[in-house]
Amino acid sequence: MIKLGGAAITDKARLCVINRKTIASTARILANHRDYMLVHGAGSFGHIPVKRYNLRGPIRSRRQLIGYARTKAALLELERETVSILAHNGIPVAPVFASSCLIADKGRIVSQNFEPIASMLKLGLVPCIGGDLVQDISLGASVVSGDQIAVNLALAFDARRIIFGTDVDGLFTANPKLNHKAKLIPNLNIMGLRKWAKKAGPANMPDASGGMRGKLTEILPAVKAGIDVAIINLNKPQRLQRAIAGKPVKGTTISR
Ligand code: ADP
């Protein structure tokens, strides 16, 4: 399972700006591999409109519904562009919409139908599914992050490994964008992961899904189930290459 972080594939500070270069360089590495899935974050295509239209609480007003539709339009734009770049760089990608196969309750996935994804994998396609606004039993609709989806799918499909690509080198002792003394944490076990899930800061941009702390909290059940996790910088494609090959790589590796 490979997660393309919203911070890596979009400019999180600017509405609807795609980092095409990162997606293309990632695709060129992935083109040599088989039998994996892609999940991606929504980055500024999701977080900014979700905040603007107040789509985190219960959906009650007409304004929120319009906001929902506008957010969906932005997410579709990101999906279209991502799928296009991947397809033109040799990936047999198959876009999947979380809102078409998942139901949430208070922002947590409670039911799913992954039959189409299983069939895509069997055929040799690479399913690609993004963080999304999905139907929610309590809230009407809610944000389900790419991180939550990546872990959910990895568990459902018995993934061996999840590689989280983001815009920093891994987990640091503090947010490396705000603190120059922050040190990279190369390895963690489950105890260390629990500790850092409580500590690591949120992303410093408007983020509907909790930044690094949210990511670590989502990762916990995967590591508990024995799935190895790596957090790496997606802007350094050689690192992705090494992480896929299971070689030592600059980043944070987490295992049970
Ligand atoms: P993505 O969208 O790629 O999944 P996030 O934006 O959710 O990633 O999380 C990555 C961001 O978290 C980094 O850009 C960084 O600024 C921030 N961050 C906060 N605390 C930490 C930390 N302790 N270590 C690394 N990154 C951190």
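1. What to know about unusual backbone geometry
- Phi is positive for C16, close to 55°, though the residue is something other than glycine.
- By the element assignment, C16 lies in the loop between α1 (6-9) and α2 (20-30).
- In this structure, N54 is a non-glycine residue whose phi angle is positive, near 50°.

2. As for the sheet that holds strand β2 (residues 38-40)
- An order of β3-β6-β2-β1-β9-β11-β12-β10 is seen for the 8 strands of this open sheet, with the pairing classed as mixed. Two strands lie at the open edges of the sheet, namely β3 (93-96) and β10 (187-188), each paired on one side alone.
- Note that strand β9 (residues 161-166) and strand β11 (residues 228-233) share 6 bridges and pair parallel. Residue pairing across strands places I162 opposite V229, the latter belonging to β11.
- The strands that helix α7 (residues 146-156) touches are β1 (2-4), β2, β6 (126-130) and β9; relative to β9, the one it contacts most, it runs at about 165°.

3. Thoughts on the pattern of salt bridges
- Tallied over the entire structure, the rule returns 10 salt bridges.
- Here D132 and K72 are joined by a salt bridge, their closest N and O atoms 2.7 Å apart. In this pair, D132 is assigned in strand β7 (residues 132-136) and K72 in helix α4 (residues 62-88), connecting sequence segments 60 residues apart. Of the two residues, D132 and K72, neither departs from the other in class, the shared state being buried.
- K177 serves as the salt-bridge partner of D167, at 2.3 Å between the closest nitrogen and oxygen. Within this pair, whereas D167 is found in the loop between β9 and β10, its partner K177 is found in the loop between β9 and β10, the two being separated by 10 residues in sequence.
- For K177, a relative accessible area of 43% translates into the label partly exposed.
- One salt-bridge network, in which partners are shared between bridges, spans K3, D147 and K215.

4. Some remarks on the environment of L133
- Tracing the chain through its elements places L133 in strand β7.
- Judged by its relative accessible area of 2%, L133 falls in the buried class.
- Sequence spacing of L133 and K72 is 61 residues, and the spatial spacing of their C-alpha atoms is 7.5 Å.
- If we skip the residues at most four places from it in the chain, L133 touches V50, L55, Y68, T71, K72, L75, S99, S142 and V143.

5. A closer look at the packing of α7 against helix α9 (residues 211-224)
- Relative to each other, α7 and α9 sit at 5°, their axes nearing to 9 Å. Taken together, the axes of α7 and α9 lie roughly parallel to each other. Along its contact with α7, which presents D147, Q148, V151 and L155, the element α9 presents K215, E218, I219, P221 and A222.
- A class-by-class count of the residues in the contact of α7 with α9 yields 5 nonpolar, 1 polar and 3 charged.

6. Focus on α2
- Within α2, 8 of the 11 residues are buried, leaving the element largely enclosed by the surrounding structure.
- Residues of α2 that are buried: T22, I23, A24, S25, T26, A27, I29 and L30.
- Contact partners of the buried residues in α2: β1, α1, β2, α4 and α10 (237-244).

7. Description of the pairing of strand β4 (residues 102-105)
- The two faces of β4 differ: L102 and A104 on one face are buried, but I103 and D105 on the other face are not.
- Of the strand pairs in this sheet, β4 and strand β5 (residues 108-112) are connected by 4 bridges, and their pairing is antiparallel. In the strand pairing of β5, L102 is matched with Q112.
- Hairpin geometry of β4 and β5 is characterised by an intervening segment of 2 residues between the two adjacent antiparallel strands and by a positive phi of about 50° at K106.

8. Description of the packing of α2 against α10
- Between α2 and α10, whose axes approach to 9 Å, the crossing angle comes to 30°. Here α2 and α10 pass one another in a crossing that is right-handed. For the pair α2 and α10, the contacting residues are S25, T26, I29 and L30 in the first and P237, L240, Q241 and I244 in the second.
- Residue composition of the contact of α2 with α10, by class: 5 nonpolar, 3 polar and no charged.

9. Comments concerning a nonpolar patch on the surface
- Where nonpolar side chains cluster on the molecular surface, the patch consists of I103, V110 and I137 and spans about 260 Å² of accessible area.
- Among the secondary structure elements, I137 is positioned in the loop between β7 and β8 (140-144).

Definitions and cut-offs
Residues numbered from 1 in each chain as written. Predicted model: local features only at pLDDT ≥ 70, side-chain atom pairs only at ≥ 80, totals over all residues. Heavy atoms only, no water. Helix = DSSP H or I, 4+ residues; strand = E, 2+ residues; numbered from the N terminus. Pairing = 2+ DSSP bridges. Contact = heavy atoms within 4.5 Å. Axes fitted to C-alpha atoms, helices over the stretch in contact; angles between N-to-C directions. Salt bridge = Lys/Arg side-chain N within 4 Å of Asp/Glu carboxyl O. Buried < 20%, exposed > 50% of the residue type's maximum accessible area, 1.4 Å probe, protein only. Parallel < 35°, antiparallel > 145°, perpendicular 65-115°, else oblique. Nonpolar A, V, L, I, M, F, W, Y, C, P; charged D, E, K, R; others polar. Left-handed = near helix turned anticlockwise from the far one by under 90°. Patch = residues over 30% accessible without salt bridge, like charges linked within 9 Å, V, L, I, M, F, W, Y side chains within 5 Å. Areas by Shrake-Rupley, 256 points an atom, 1.4 Å probe, with all protein chains shown as cover.

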